[in-house]
Amino acid sequence: MDNWEQKMTDFLRHGQKDRVTFLENLGKQILPTQLTRIQQNDKTILKEMVLPKWMNWELLYEWSNRYKVNEKGRECILCNNQKKNGIEFMEKWICEDCFLKLKNLE
Ligand SMILES: [Zn+2]
């Protein structure tokens, strides 16, 4: 488990599932140009974004760098396709399509 997964696990342990959900959805809400600026450590972006109080720059920056890795595209463990969008869960990559299918099964 890496740092990020540890953080997400801690949030869940403290009953802060809303934080995990927020971070998972942030990628769909943010503009690509904004994402790039976060990755470049441009803190002026904070004035343009509406973020929850618990979100600090360190967390946002870490989140954005995680997204950068994802942008290269990775092989989904479920459909074996190279996909750019998805989530990492327990060191396994699940593409967005498969993730949504799984969610609907819940
Ligand atoms: Zn997939």
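Residues numbered from 1 in each chain as written. Predicted model: local features only at pLDDT ≥ 70, side-chain atom pairs only at ≥ 80, totals over all residues.

Draft legend 1. The overall build of the protein, seen in detail. The number of helices and strands found in the protein is five helices and four strands. In sequence order, the secondary structure elements of the protein are arranged as α-α-α-α-β-β-β-β-α. Scaling as 2.2 N^0.38, a compact globule of 106 residues should have a C-alpha radius of gyration of about 13 Å, and the protein matches this with 14 Å. Its C-alpha atoms give the protein principal-axis dimensions of about 40 × 30 × 25 Å. Each of the 106 residues in the protein was classed as buried or not, and the buried ones make up 8%. (Helix = DSSP H or I, 4+ residues; strand = E, 2+ residues; numbered from the N terminus. Rg over C-alpha atoms; globule rule 2.2 N^0.38 Å. Buried ≥ 20, exposed ≤ 12 C-beta atoms within 10 Å, placed from the backbone.)

Draft legend 2. Representation of unusual backbone geometry in the model. With a phi angle near 65°, Asn 41 is a residue other than glycine that sits in the positive phi range. For Asn 41, a count of 11 C-beta atoms within 10 Å translates into the label exposed. The residue Asn 80 is not glycine, and still its phi comes out positive at about 65°.

Draft legend 3. Broad picture of the pairing of strand E3 (residues 86–89). Bridging between E3 and strand E4 (residues 92–95) involves four bridges; their strand directions are antiparallel. Bridge pairing links Gly 86 to Cys 95 in E4. Hairpin connection from E3 to E4: two residues lie between these consecutive antiparallel strands, with Met 90 at a positive phi of about 50°. (Pairing = 2+ DSSP bridges.)

Draft legend 4. Looking closely at the packing of helix H1 (residues 3–13) against helix H2 (residues 17–29). The geometry of H1 relative to H2 is characterised by a closest axis approach of 7 Å and an angle of 140° between their N-to-C directions. Put simply, H1 runs oblique to H2. Mapping the contact onto sequence places Met 8, Phe 11 and Leu 12 in H1 and Lys 17, Arg 19 and Val 20 in H2. Considering only residue class, the contact of H1 with H2 consists of four nonpolar, no polar and two charged. (Axes fitted to C-alpha atoms, helices over the stretch in contact; angles between N-to-C directions. Parallel < 35°, antiparallel > 145°, perpendicular 65-115°, else oblique. Contact = placed C-beta atoms within 7 Å. Nonpolar A, V, L, I, M, F, W, Y, C, P; charged D, E, K, R; others polar.)

Draft legend 5. Spatial organisation of the domain arrangement of the protein. Entries for the protein in the domain assignment read domain 1 (1–71) and domain 2 (73–106). Put simply, the middle of domain 1 and the middle of domain 2, counted by C-alpha atoms, are 19 Å apart. (Domains from an automatic or database assignment.)

Draft legend 6. A look at the environment of Glu 62. As for its placement among the helices and strands, Glu 62 is situated in helix H4 (residues 57–70). In this structure Glu 62 comes out as partly exposed when scored by C-beta crowding, with 16 C-beta atoms within 10 Å. Placed 23 residues apart in sequence, Glu 62 and Gln 39 show a C-alpha to C-alpha distance of 8.5 Å.

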